[in-house]
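# Architecture at a glance
Here is what each chain is made of, one letter per residue.
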Amino acid sequence: MPDLPEPIVQATRYEVSLLPEDNINRRHFTITVEWRGDDRWAVCRFHECLGKDGAWEYEPRPSERDDDWVEAHRFGLDSALALAKQAAPDLVVNGHTAADAWRRTHRPA
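Residues numbered from 1 in each chain as written. Predicted model: local features only at pLDDT ≥ 70, side-chain atom pairs only at ≥ 80, totals over all residues. Heavy atoms only, no water.

## Focus: the overall build of the protein chain
When its secondary structure is counted, the protein chain shows three helices and seven strands. Taken from N to C terminus, the helices and strands of the protein chain fall in the order β-β-β-β-β-α-α-β-β-α. Whereas a compact globule of 109 residues would reach a radius of gyration of roughly 13 Å, the protein chain reaches 17 Å, over 25% beyond that. Overall, the C-alpha framework of the protein chain stretches about 60 × 40 × 20 Å when taken along its three principal axes. Expressed as a percentage of the 109 residues in the protein chain, the buried residues total 33%. Look at the contacts in the protein chain between residues 6 or more apart in sequence, and 44% of them connect residues 24 or more apart. When the accessible surface of the protein chain is split by element, carbon and sulfur atoms take 51% of a total near 8000 Å². Measuring between centres, the 14 positive side-chain charges of the protein chain sit 8 Å from its 20 negative side-chain charges. (Helix = DSSP H or I, 4+ residues; strand = E, 2+ residues; numbered from the N terminus. Rg over C-alpha atoms; globule rule 2.2 N^0.38 Å. Buried < 20%, exposed > 50% of the residue type's maximum accessible area, 1.4 Å probe, protein only. Contact = heavy atoms within 4.5 Å. Areas by Shrake-Rupley, 256 points an atom, 1.4 Å probe, with all protein chains shown as cover. Lys, Arg positive; Asp, Glu negative; His and termini not counted. Charge placed at Lys NZ, Arg CZ, Asp CG, Glu CD.)

## Some remarks on the pairing of strand β2 (residues 30–35)
Burial analysis of β2 places five of its six residues in the buried class, the great majority of the element. The pairing of strand β1 (residues 13–17) with β2 spans five bridges and is classified as antiparallel. Bridging across to β2, Tyr-14 finds its partner in Val-33. Here β2 folds back onto strand β3 (residues 41–45), and the loop between the two strands holds five residues, one of which, Gly-37, carries a positive phi near 90 degrees. (Pairing = 2+ DSSP bridges.)

Okay, structure coming up:
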């Protein structure tokens with residue numbers, strides 16, 4: 001029996017949030033950066049993707065995405081993570097931003 005190769009380990013998703021892991025509101029104020037193949041990454045929130053124009057847009061099914069849509073909503077990893085960090089404080093849920101949620105729950109040391 002031939003020796004098996006070493007298993008491949010690949011990160012395919014990052015979470016970006018202003019709120020710490022133990023904050024009850026974190027899941028609502030989290031952006032994900034998700035691998036979409038070919039070293040291209042999507043900046044996601046619920047079923048939306050951030051576009052190069054800075055707007056969030058519903059992400060269609062793969063069969064319904066044309067090349068222009070993909071080009072406008074995919075990034076290299078470094079760019080995707082930077083955009084997610086930039087957008088994280090301004091996410092709005094029920095009229096409150098992530099920054100508002102952090103301020104309400106943050107206790108200075």
